[in-house]
Amino acid sequence: MKILAIDTSNQVMGVAVSDGQFILGEMITNMKKNHSVRVMPAIQSLLREVRLKPEDLDCVAVAHGPGSYTGVRIGVTIAKTLAWSLGIPVVGISSLEVLAQNGRRFDGLVSPIFDARRGQVYTGLYGSEYDSFHNIKKDKIILLANWLDELKTEESILFIGQDLEKHGQFIMEKLGSQATLAETGEQNPRPGALALLAAQRSPAHSVHSFTPEYLQMAEAESKWLASQE
């Protein structure tokens, strides 16, 4: 099974191709540039490198959020368009779960972090149990202070994500030796991990009805709804 993976949900843009067991190739950039004009050329380049044509693909996987509203929407739209045009299924994976894979060998729990502004973060809790690394506390948007209070009863926790630059000091002040901050090289999600996860998941029931997982409305939509009350 040839799987194309796409992640544009945050600043890191990544695409990868796997055969279901091994990563055949992946491309990652970490720049504040418009994903919408860069992701298709990246996909085309990667497919050439691994000597595949779009028609060789069996599935498209996408990091379907949470994250940047625009970034999530770009990735999901491209994934749906490719899947629809090629007549293949689409698989959505939590952007937080993809990031958490970087810490699956950590001896403890893993909390991936995306900044959600106003003191909030997108996060969840992941860990190993019965030889399976999976979600233990579901993904959510929450005030970071409240999340850290919730984690005080847990074991050692590895925090992962680029936004540790913003929140790392506060995390260490609140949890002390209970917390470990991921090294810089571990903070970017890997599209190859997304592709491998997708090989283990069932596809969306319908490509047409597949939707992102924002975990909250876009700020503009929230303001508009509030103005109608």
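All values reported here derive from a predicted model rather than from experimental measurement.

The strands that make up a sheet pair up through hydrogen bonds in the backbone, lying either parallel or antiparallel. In space, the five strands of this open sheet follow the order E3-E2-E1-E4-E5, with mixed pairing throughout. Looking at the sheet topology across the chains shown, the edges are occupied by strand E3 (23-30) and strand E5 (90-93). Each neighbouring strand pair of the sheet contributes to a mean axis angle of 15°, computed without reference to strand direction. The sheet contact formed by strand E4 (residues 59-63) and E5 spans four bridges and is parallel. When the bridges of E5 are listed, Ala63 appears paired with Ile93. Along the sheet, helix H1 (residues 39-49) makes contact with strand E1 (3-7), strand E2 (12-18) and E3, crossing E2 at roughly 30°. Along the sheet, helix H2 (residues 69-86) contacts E1, E4 and E5; its crossing angle with E4, the most-contacted strand, is approximately 170°.

Where H1 meets H2, the axes come as close as 11 Å, and the angle between the chain directions of the two elements is 50°. Here H2 runs oblique to H1, going by the angle between their axes. When you trace H1 past H2, the crossing you get is right-handed. Counting all contacts with H1, which are made through Val39, Met40 and Ile43, the residues of H2 involved are Ile74, Ile78 and Leu82. In the contact of H1 with H2, the residues fall into six nonpolar, no polar and no charged.

Time to look at the side chain of Arg38. Checked against the element boundaries, Arg38 lands in the loop between E3 and H1. Among buried Asp, Glu, Lys and Arg side chains, Arg38 stands out as unpaired, with Asp7 the closest opposite charge at 11 Å. In terms of polar contacts, Arg38 uses its side chain to reach the side chain of Thr29, at 2.6 Å.

With that settled, consider the packing of aromatic side chains. Tallying each qualifying case throughout the model produces two aromatic pairs. Here the aromatic rings of Tyr126 and Phe133 are separated by 6.3 Å at their centres, their planes lie at 25°, and the arrangement is stacked. Owing to a relative accessible area of 10%, Phe133 belongs among the buried residues under this scheme.

Glancing now at the environment of Asn135. Looking at the secondary structure, you find Asn135 in strand E8 (residues 132-143). For the pair formed by Asn135 and Glu97, sequence separation is 38 residues and the distance between their alpha carbons is 7.6 Å. Beyond its immediate stretch of four places on either side in the chain, Asn135 contacts Leu125 and Tyr126. Side-chain polar atoms of Asn135 contact the backbone oxygen of Lys137, separated by 2.9 Å. At 3.3 Å, the side chain of Asn135 forms a polar contact with the backbone nitrogen of Lys138.

Running from N to C, helix H4 (residues 144-151) and helix H5 (residues 164-175) point in directions that differ by 35°, and their axes come no closer than 10 Å. For the pair H4 and H5, the sense of crossing is right-handed. Facing H4, whose interface residues are Leu144, Ala145, Leu148 and Asp149, H5 presents His167, Phe170, Ile171, Lys174 and Leu175. Taken together, the residues that form the contact of H4 with H5 break down as six nonpolar, one polar and two charged.

Turning next to the sheet that holds strand E10 (residues 179-181). A sheet is described by the order of its strands in space; here five strands give the open sequence E8-E7-E6-E9-E10, paired in mixed fashion. Pairing within the sheet leaves two strands with one partner each, and these edge strands are E8 and E10. Adjacent strand axes in the sheet meet at a mean angle of 25° when their direction is disregarded. Across four bridges, the pairing between strand E6 (residues 109-117) and strand E9 (residues 157-160) is parallel.

Parameters and conventions
- Residues numbered from 1 in each chain as written.
- Predicted model: local features only at pLDDT ≥ 70, side-chain atom pairs only at ≥ 80, totals over all residues.
- Heavy atoms only, no water.
- Pairing = 2+ DSSP bridges.
- Helix = DSSP H or I, 4+ residues; strand = E, 2+ residues; numbered from the N terminus.
- Axes fitted to C-alpha atoms, helices over the stretch in contact; angles between N-to-C directions.
- Contact = heavy atoms within 4.5 Å.
- Parallel < 35°, antiparallel > 145°, perpendicular 65-115°, else oblique.
- Left-handed = near helix turned anticlockwise from the far one by under 90°.
- Nonpolar A, V, L, I, M, F, W, Y, C, P; charged D, E, K, R; others polar.
- Buried < 20%, exposed > 50% of the residue type's maximum accessible area, 1.4 Å probe, protein only.
- Lys, Arg positive; Asp, Glu negative; His and termini not counted.
- Salt bridge = Lys/Arg side-chain N within 4 Å of Asp/Glu carboxyl O.
- Polar contact = N/O pair within 3.5 Å; in protein donor to acceptor, adjacent residues only side chain to side chain.
- Phe/Tyr/Trp six-rings, centres within 6.5 Å; stacked < 30°, edge-to-face > 60°.

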